[in-house]
Amino acid sequence: MKTKKILKMLCTDKGISGREDEMLGIIKELTEKTASEVSLLPTGTIIASCGNKDAKRHIMLDAHIDRIGLVVTYINEEGFLKAEPVGGIDLRSLAGTAVTVQGKKDITGIICTLPPHLVKKEEGMTRDMIWIDTGLAAETVKELVSAGDAVIVKSSFRELLGNKVTVSALDNRAGCAVIIRCAELLGKKLRNIRLSLVFSSQEETNESGAKTAAFLLEPDEAVIVDVGFAKQEGVPAALSGELGKGPIISVAPVLSGDITKGLMDAAKKLDISYDLEVDGGTTGTNADGIAITRGGIPCAVISVPEKNMHTQTEMVSIDDIENTAAVIAGYITGGAAK
């Protein structure tokens, strides 16, 4: 399946942290040609099993499938909904934003904002200011919405020039697209490999999905796919990769030097450029938990560069997704898999 179509299917208004099971049907559809089984763990993590289950080499590819969002915490007498972030949502982007409240039925609302004429220049959005106006009467709101209901920031999948796209949830549905495409690229080459595609839950809140999946699967090695900072004004050059110029490969003490070098060698064989992100300790990804599961699992991290992270206008390059998948496939096979 074409990468852009995969990504568009993944970037749906579903699956905030704690509700990843909403994505099960989509993952089943997207992996039906490569996976022998798709299962759901109690944590909400989805696992697609590919290749030879009896093979000696077992590789785990992890990409978290949860997206950031909001949750209703209270409904006041006027019918306004108080909400709290689920994950590290960018509060600066919320004022005046349209949202979908997932109550007994989906309801459109607007995050309240004061007219700029009444706002002091130094004021900005804070957590206590997140109130949602649905425009409905209070009794109707209370009939349809309950505390604990999820809220998704509205966003449309838009194609941009240069084979780029923008939409919310690219962190980390872009990574999910990578591991789906990687399995497709490997195809029949998986006869001697057991490959577990892990669409892990709750990375944005506590990373529990990847840790429990790694404990259950006990793979020989793991490659974690996430998004990283794309180069733009104000983003440190040492922590970012150029959009459209290939993946970002992480180097850190918590990671396996051998697998990391293997990814670099695969990129060179395929003539795919890459940037490095060097950390002095942990990576801030699921690799930190997977690496210390059981007796330790060798890990590497490779990321898709992304602009506007944790907003409703996240941006990635389709070329980067495709090239990241090719690099991982090339590493697994030990040669060019593009």
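Each value, and the rule that gives it
- The residue numbers shown here count from 1 along each chain, following its written sequence.
- Since the coordinates come from a predicted model, pLDDT governs what is reported: local features require at least 70, and pairs of side-chain atoms require 80 or more to be given and counted, while whole-chain, interface and lining totals use all residues.
- Water and hydrogen atoms were dropped before computing side-chain values, which therefore reflect all heavy atoms in the structure.
- Numbering of helices and strands starts at the N terminus; helices are DSSP runs of H or I of at least 4 residues and strands are runs of E of at least 2.
- Computation of the radius of gyration draws on C-alpha atoms alone. For the globule rule, the value is 2.2 Å times the number of residues to the power 0.38.
- Three labels apply to residues, based on accessible area from a 1.4 Å probe with only protein chains included: buried if under 20% of the type maximum, exposed if over 50%, partly exposed otherwise in between.
- Take the buried residues of types Ala, Val, Leu, Ile, Met, Phe, Trp, Tyr and Cys, join any two whose side-chain atoms come within 4.5 Å, and each joined set is a nonpolar core.
- Throughout, a residue-residue contact means that at least one pair of heavy atoms, one from each residue, lies within 4.5 Å.
- Criterion for a salt bridge: a side-chain nitrogen of Lys or Arg within 4 Å of a carboxyl oxygen of Asp or Glu.
- Two strands qualify as a pair provided that DSSP identifies no fewer than 2 bridges between them.

A. Broad picture of the overall build of the chain. Secondary structure assignment for the chain yields 8 helices and 18 strands. Taken over the C-alpha trace, the chain has a radius of gyration of 20 Å; the compact-globule value for 338 residues is 20 Å, and the two agree within 12%. Referenced to the eigenvectors of the C-alpha coordinate spread, the extents of the chain come out at roughly 60 × 40 × 35 Å. Taking all 338 residues of the chain together, 55% fall into the buried category.

B. Layout of the nonpolar core. Residues Leu7, Leu10, Leu61, Leu195, Phe199, Ile328 and Ile332 are the most contacted members of the largest nonpolar core, which totals 60 residues. In terms of residue count, helix α4 (residues 170-186) provides more of this core than any other element does, 10 residues in total. Apart from residues lying up to four places away in sequence, Leu7 is in contact with Phe157, Val165, Leu170, Arg173, Ala174, Ala177, Val316, Ile318 and Ile321. Val72, Ala83, Val145 and Val153 belong to the second-largest nonpolar core, a separate cluster that totals 20 residues.

C. Quick look at the pattern of salt bridges. On inspection of all chains with the given rule, the structure shows 12 salt bridges. When the shortest N-O distance is used, the salt bridge between Arg57 and Glu221 registers 3.2 Å. With a gap of 164 residues between them, Arg57 in strand β3 (residues 57-64) and Glu221 in strand β13 (residues 221-230) connect regions that are remote in the sequence. A residue is classified by how much of its surface remains accessible, and Arg57, at 26% relative accessible area, is partly exposed. The network of salt bridges with common partners includes Lys82, Glu84 and Arg127.

D. Broad picture of the pairing of strand β4 (residues 69-75). Across the 7 residues that make up β4, a large majority, 5, are buried. In the sheet, β4 pairs with strand β5 (residues 81-86) via 6 bridges, with the strands oriented antiparallel. Looking across to β5, one finds that Ile75 is bridged to Leu81. What sits between the antiparallel neighbours β4 and β5 is a turn of 5 residues, in which Gly79 has the positive phi angle 90°. Both β4 and strand β9 (residues 150-153) contribute to a ladder of 2 bridges, which runs antiparallel. Paired with Val71 across the strands is Ala150, a residue of β9.

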